[in-house]
Amino acid sequence: MKDLKSIADTIEQLRIDHPGKDLLDICSEQGIMRMFAIACEPAWITKNGEIDRAAISEFLEQSKRIYDAQIDGLSSQTIERYNNSNQFWLKEFGTTREESKYFRQLVNPIDYMGGLSYMLCGKVMNSSGYMSLTSLNKTAGFENTIWAVMNGQSSNVFCAETLVGISAASKHTELAEDFVKLCFGKEAQSNLFNGFAVNKAAFEESFAVDESMIGDDGGYLYFSMSNEEGLSVDYTAYPVNEEQIAEFRKCLEAAVTPYLKNSVLEETVYETGTAYLQGRQSLEETVSAIEKKLALYLAE
């Protein structure tokens, strides 16, 4: 899976191989679009600040392929479970699960390991998340699991969690420069809760483990998870080795395309694109409607 089209190709093949199964644990049009927009949204606006009609057209076209494959043959119970999860989030947190910032984080492996989904996709949020990701193929029955950078319409995308800059109009540039140096220093970067340090020393340190916490089986983090349907999964995460750290470091060094969420742009694409994914509106009509809705916003 090298781009959005080949992701759609793979999911269509998964549907053929696993009829009636939940492939992605996403059962809504907007949920599908929200998941894959991370690696696509940077391509939707041209360098001149205009809508890239071709890019948005392709995104909607491939999203519809993914949605159609995912929803094909799914049981009403599966769809109801997903909708109930969304409503639970709305009641408890004021936003649906798929609208929350946690939706696109790397999901926990309970559904994947329990056979309720056949693919995990999202963001790796910290060193523990990477540790969990690289441990899947050390689990009995999942030895053939592999991970790859999710490229969509854009490649080598990273999610910018924190932006730091200095105003050109500042009267205190030296003080501001000191603050920026502090932000990117090893001490501050070593205390990140989420995200990965851009300070090299802090990055290396983030993968250090407390040797006394390593179990007899070599495990470092132990999880036991269950869902409302009674599915229970036990999972062990193992410390990453130098080769795995080097592999991940290489991915981060290649990450040159920032994903900076543009809420107005994305919500317009999701809301208007739903009609196309549902087959109620043509692709041309949908893209024209998106372009029209965004015209004033982009002009400003």
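Parameters and conventions
- Residues numbered from 1 in each chain as written.
- Predicted model: local features only at pLDDT ≥ 70, side-chain atom pairs only at ≥ 80, totals over all residues.
- Heavy atoms only, no water.
- Phe/Tyr/Trp six-rings, centres within 6.5 Å; stacked < 30°, edge-to-face > 60°.
- Helix = DSSP H or I, 4+ residues; strand = E, 2+ residues; numbered from the N terminus.
- Buried < 20%, exposed > 50% of the residue type's maximum accessible area, 1.4 Å probe, protein only.
- Lys NZ or Arg CZ within 6 Å of the ring centre and 35° of its normal.
- pLDDT = per-residue confidence, 0-100.
- Core = buried A, V, L, I, M, F, W, Y, C linked by side-chain atoms within 4.5 Å.
- Contact = heavy atoms within 4.5 Å.
- Salt bridge = Lys/Arg side-chain N within 4 Å of Asp/Glu carboxyl O.

K.L.:
Account for the packing of aromatic side chains, naming residues and giving values.
P.N.:
Scanning the entire structure with this criterion turns up eleven aromatic pairs. Ring geometry for Phe207 versus Phe248: centroids 6.5 Å apart, planes at 85°, classification edge-to-face. You can see Phe207 sitting in the loop between helix 9 (200-205) and strand 2 (221-226) and its partner Phe248 sitting in helix 10 (residues 242-254), a full 41 residues away along the chain. The two residues Phe207 and Phe248 agree in class, both being buried. Seen in terms of ring centroids, Phe223 and Tyr235 are 6.1 Å apart; in terms of plane orientation they differ by 25°. Their pairing is stacked. Residue Phe223 is located in strand 2, and its partner Tyr235 is located in strand 3 (residues 232-237); the two are separated by twelve residues in the primary sequence. These aromatic residues form a ring-pair network of at least three members: Tyr130, Trp147, Phe196, Phe203, Phe207 and Phe248. In this structure, Lys64 packs its charged tip against the face of Tyr276, placed 5.9 Å from the ring centre.

K.L.:
Describe the confidence of the model for the protein chain, with residues and values.
P.N.:
Here the protein chain averages 92 in pLDDT, while 99% of its residues score no lower than 70. Mean pLDDT across the elements of the protein chain ranges from a minimum in helix 5 (residues 110-113), with 80, to a maximum in helix 3 (residues 53-71), with 98.

K.L.:
Report on the nonpolar core, specifying residues and quantitative values.
P.N.:
Judged by nonpolar contacts, the single largest core of 37 residues is most densely connected at Ile11, Phe36, Trp44, Phe59, Leu60 and Ile66. When residues of this core are traced back to their parent elements, those giving at least two are helix 1 (4-17), helix 2 (29-37), helix 3, helix 11 (263-277) and helix 12 (283-299). A total of seven residues in this core trace back to one element, the largest contributor, which is helix 3. If we skip the residues at most four places from it in the chain, Trp44 touches Ala37, Glu50, Ile51, Asp52, Ala55, Ile56, Phe59, Gln153, Leu265, Glu266 and Val269. In this structure, Ala197, Tyr220, Ala237 and Phe248 belong to the second largest nonpolar core, which totals 13 residues.

K.L.:
Describe the pattern of salt bridges, listing the residues and the values that go with them.
P.N.:
Overall, the coordinates contain 14 salt bridges when judged by the stated rule. Its salt-bridge partner being Asp25, residue Arg81 comes within 3.9 Å of it at the nearest N-O pair. Of this pair, Arg81 sits in helix 4 (residues 76-93) while Asp25 sits in the loop between helix 1 and helix 2, placing them 56 residues apart in sequence. One exposure class covers both Arg81 and Asp25, and it is buried. Of the charged contacts, one joins Glu291 and Arg53 as a salt bridge, the two residues approaching to 2.7 Å between their closest N and O atoms. Pair noted here: Glu291 is in helix 12 and Arg53 is in helix 3, with a separation of 238 residues, a long-range link. Ionic contacts of the salt-bridge type, sharing partners, join the residues Lys5, Asp9, Glu12 and Arg65 into one network.

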